[in-house]
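Here's the letter readout for the chains.
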Amino acid sequence: KINLSSDLLVLLSDGYFTRLQVSSLPNINKLNDLENNNFAYKLDSILELENNKTSLAFWQNQANDSQTLACATKKGKVMRIKSFSAPKSDSFIGFNLDDDDVVCQAKICYESDKLVFITANAQLLVFPASKVRPQGKGSGGMAGIKLSDDNLIAFSSVKNKNEAHILTAAGQSSALPGLENGFVKVSPLEIYPEKGRSTGGVRCQRFLKGQDKLIFAEISEFRPRAWTSKGQKISLPEISDKRDGAGQKIDYPIAYAN
């Protein structure tokens, strides 16, 4: 549960933490529903972020050696940030990024979890979180997934690989973002073999004619659900046990999923 008397540290896409006082937030009763960083509402507007920065995850940075914040960048680097003594400043560096790199996603992570990466070229890599040594704030992380003319589009840690699923949607790189329905595939994570850190992974969806990238991907602890930008729930295909099978067309573009 969230401690309403303490501050939250919010990790931003530029690798910096910003401090947020919980008691000053509207609808603070919603915060106790925010388990595993599933935001009940967007923090971006509250933080008044600029320059294309986005908020990725909140963390209470408790003195708990078993809990870390796992983060991955679009260039495939990964870092597990361990608990630290926070500076008094309202903003400070968490992940020291390379030039032209950004943090894609972040999630609370434990030593027994699995880390999962999905790229725009439909490559999936999964390996134990224990393969990434926890580092202090301001560190530069390490290689997570090997990329070749590719970008990471989804990352998460999962507690139980046998219950987790992935949702991927294939489309065209020439289409306007958020306007293409795409061809969607839902598969159990357990059908994908684990490989070593800094390897290239395995293909998780086959592209059909005219498709050249994944336009959406989500890693869920359970069977995923998806919604449009207006909050309408989207009907998803049945679960596929084919590791690199093609997707099925859906009625609306996916804006959110979990």
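As shown above, the structure is provided for reference.
What you are looking at is a predicted structure, and each value in this text was computed from that prediction instead of being measured.

Observations concerning the overall build of the protein
When helices and strands are counted, the protein shows one helix and 19 strands. Residues classed as buried in the protein amount to 46% of the 258 residues present. Contacts in the protein between residues at least 24 apart in sequence constitute 73% of all its contacts with a sequence separation of at least 6. Entry remark: accessible area of the protein is about 12,800 Å², with carbon and sulfur atoms responsible for 43%.

Some remarks on the side chain of Thr-73
Looking at the element boundaries, Thr-73 is found in strand β4 (residues 67–73). Excluding its chain neighbours within four sequence positions, the residues that come into contact with Thr-73 are Phe-95, Leu-97, Asp-101, Val-102, Val-103, Cys-104 and Leu-152.

Quick word on the pairing of strand β2 (residues 16–21)
When strand β1 (residues 7–12) meets β2, the two strands line up antiparallel, connected through five bridges. Each residue of the ladder has a partner; that of Leu-8, found in β2, is Leu-20. Once β1 ends, the chain turns through three residues before running back antiparallel as β2, passing Gly-15 with a positive phi of about 90 degrees. Pairing of β2 with strand β6 (residues 91–93) involves three bridges; the strand directions are antiparallel. Its bridge partner lying in β6, Phe-17 is registered against Phe-92.

Some words on the pattern of salt bridges
Per the stated rule, a full pass over the model turns up eight salt bridges. Of the charged contacts in the structure, one is a salt bridge between Lys-77 and Asp-98, with a shortest N-O distance of 3.8 Å. Of this pair, Lys-77 sits in strand β5 (residues 77–82) while Asp-98 sits in the loop between β6 and β7 (103–110), placing them 21 residues apart in sequence. Measuring nitrogen to oxygen at the nearest pair gives 3.0 Å for the salt bridge that ties Lys-114 to Glu-194.

Considering the sheet that holds strand β16 (residues 226–227)
Strand order across the open sheet formed by three strands is β17-β16-β19, with antiparallel pairing between neighbours. Taken across any chain shown, the strands that pair with only one partner, and hence form the sheet edges, are β17 (233–234) and β19 (256–257). Relative to β17, β16 runs antiparallel, the two being bridged by two bridges. Following the sheet pairing, Trp-227 is matched in β17 by Lys-233.

Focus on the state of the cysteines
For the structure shown, the criterion picks out zero disulfides. Between Cys-109, a cysteine without a disulfide, and Cys-71, which holds the nearest cysteine sulfur, the sulfur-to-sulfur distance is 9.7 Å.

Re the sheet that holds strand β12 (residues 165–171)
Spatial strand order, β15-β12-β13-β18: four strands in an open sheet with antiparallel pairing. Edge positions in the sheet fall to β15 (213–220) and β18 (248–249), since each has one partner strand and no second. Note: β12 against β15, seven bridges, orientation antiparallel. Each residue of the ladder has a partner; that of Thr-168, found in β15, is Ala-217.

Some remarks on the packing of aromatic side chains
As enumerated under the stated definition, the model contains five aromatic pairs in all. Relative to Phe-92, the ring of Phe-84 lies with its centre 5.8 Å away and its plane at 85 degrees, an arrangement referred to as edge-to-face. Take Phe-84 and Phe-92: they sit in the same class, and that class is buried. With centroids separated by 5.0 Å and ring planes inclined at 55 degrees, the aromatic side chains of Phe-117 and Phe-155 adopt a geometry described as tilted. Highlighted residues: Phe-117 in strand β8 (residues 114–119) and Phe-155 in strand β11 (residues 152–158), separated in sequence by 38 residues. As far as the burial class goes, Phe-117 and Phe-155 line up, both buried. Through pairs of rings, three or more aromatic residues link up here, namely Phe-17, Phe-84 and Phe-92. Here the guanidinium or amino end of Arg-203 rests over the ring plane of Phe-207, the centre of that ring lying 5.6 Å away.

A look at the environment of Val-186
With respect to the helices and strands, Val-186 occurs in strand β13 (residues 183–188). When the C-alpha atoms of Val-186 and Ser-240 are compared, they prove to be 6.0 Å apart, with 54 residues separating the residues in sequence. Those residues within four positions of Val-186 in sequence are excluded, and the remaining contacts are His-165, Ile-166, Leu-167, Pro-224, Leu-236, Pro-237, Glu-238, Ile-239 and Ser-240.

Definitions and cut-offs
Residues numbered from 1 in each chain as written. Predicted model: local features only at pLDDT ≥ 70, side-chain atom pairs only at ≥ 80, totals over all residues. Heavy atoms only, no water. Helix = DSSP H or I, 4+ residues; strand = E, 2+ residues; numbered from the N terminus. Buried < 20%, exposed > 50% of the residue type's maximum accessible area, 1.4 Å probe, protein only. Contact = heavy atoms within 4.5 Å. Areas by Shrake-Rupley, 256 points an atom, 1.4 Å probe, with all protein chains shown as cover. Pairing = 2+ DSSP bridges. Salt bridge = Lys/Arg side-chain N within 4 Å of Asp/Glu carboxyl O. Disulfide = S-S within 2.5 Å. Phe/Tyr/Trp six-rings, centres within 6.5 Å; stacked < 30°, edge-to-face > 60°. Lys NZ or Arg CZ within 6 Å of the ring centre and 35° of its normal.

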